[in-house]
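What follows is each chain in one-letter form.
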Amino acid sequence: MAWVDATSMMMLDWTRRAACLDLDPELFFPISMEGPGRSQVEQAKHICQGCPVREPCLAYALDTNQAYGVWGGTDPAERRELNLPAGPPRENVPARPLRGGR
């Protein structure tokens, strides 16, 4: 019997209850976020609205930095905003010039 850690078991548990389980994954991973892909994203988000595991799905996507697809009702741009570090904005410090004028 293969060893499975607790995290893997928890992941398997919530994914088996997902509203998207029996749907075409391509709906949640459109080729582009523009044009016809935008319609797919909106359809996928609509499915996520009523999903019983929307929160753990979004948490998984944020924890694992999922850069593509709709996860937990969010698109990649929305997840990037959610993953921004909390606290005051960082101060921009200009780079020092290279030696020799390069």
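Below is a summary of the structure that appears in this document.

The rules behind these values
Every chain begins its residue count from 1, and numbering advances along the sequence as written. At least 70 in pLDDT is required for a residue's local features to be given in this predicted model, at least 80 for side-chain atom pairs to be given and counted, and no such filter applies to totals for whole chains, interfaces and linings, which use all residues. Derived side-chain values reflect all non-hydrogen atoms in the structure, with water molecules and hydrogen atoms excluded from consideration. Salt-bridge detection follows one rule: a side-chain nitrogen of Lys or Arg within 4 Å of a carboxyl oxygen of Asp or Glu. Numbering of helices and strands runs from the N terminus; a helix is a DSSP stretch of H or I covering at least four residues, while a strand is a stretch of E covering at least two. Exposed residues in this analysis have more than 50% of their type's maximum accessible area, buried residues have under 20%, and partly exposed residues fall in between, with area computed by a 1.4 Å probe over protein chains only. A pocket, in this scheme, is an open set of points on a 1 Å grid over the protein atoms alone with protein on both sides within 12 Å along at least 5 of 7 lines, while a cavity is a set where a 1.4 Å probe fits but cannot get out; residues line either one if an atom lies within 4 Å of a point. Grid points are joined across faces, edges and corners, and a volume is the space filled by probe spheres set on the points. Put simply, Ala, Val, Leu, Ile, Met, Phe, Trp, Tyr, Cys and Pro go in the nonpolar bin, Asp, Glu, Lys and Arg in the charged bin, and everything else, Gly too, in the polar bin. We call a pair of cysteine sulfur atoms a disulfide when they lie within 2.5 Å.

Bringing the pattern of salt bridges into the picture now. Inspection of the entire model under this criterion finds 5 salt bridges. In this structure, Lys 45 engages Asp 75 in a salt bridge whose closest nitrogen and oxygen atoms are separated by 3.0 Å. One end of the pair, Lys 45, is in helix H2 (residues 36-49); the other, Asp 75, is in the loop between helix H3 (54-63) and helix H4 (76-82), with 30 residues separating them in the sequence. Residue Lys 45 is classed as buried on the basis of its relative accessible area of 12%. Across the salt bridge formed by Glu 78 and Lys 45, the nearest N and O atoms sit 3.1 Å from each other. Within this pair, whereas Glu 78 is found in helix H4, its partner Lys 45 is found in helix H2, the two being separated by 33 residues in sequence. Sharing partners across several salt bridges, the network here consists of Arg 38, Glu 42, Lys 45, Asp 75 and Glu 78.

We now examine the environment of Glu 42. Relative to the elements of secondary structure, Glu 42 occurs in helix H2. According to the relative accessible area criterion, Glu 42 is partly exposed, its value standing at 42%. Remark: the alpha-carbon pair of Glu 42 and Val 70, spanning 28 residues in sequence, is separated by 9.3 Å.

Further remarks concern the layout of surface pockets. The volume enclosed by the largest pocket comes to roughly 330 Å³. What lines the largest pocket is a set of 19 residues, among which Ala 18, Cys 20, Cys 57, Val 70 and Trp 71 lie closest to the centre. Every element with two or more residues in the lining of the largest pocket is listed here: helix H1 (6-15), H2 and H3. Taken together, the residues of the lining of the largest pocket break down into 16 nonpolar, 2 polar and 1 charged.

Turning next to the state of the cysteines. Under the defined criterion, the tally for this structure stands at 0 disulfides. Free cysteine Cys 48: the closest other cysteine sulfur is in Cys 57, separated by 6.2 Å. Given a relative accessible area of 8%, Cys 48 falls into the buried group.

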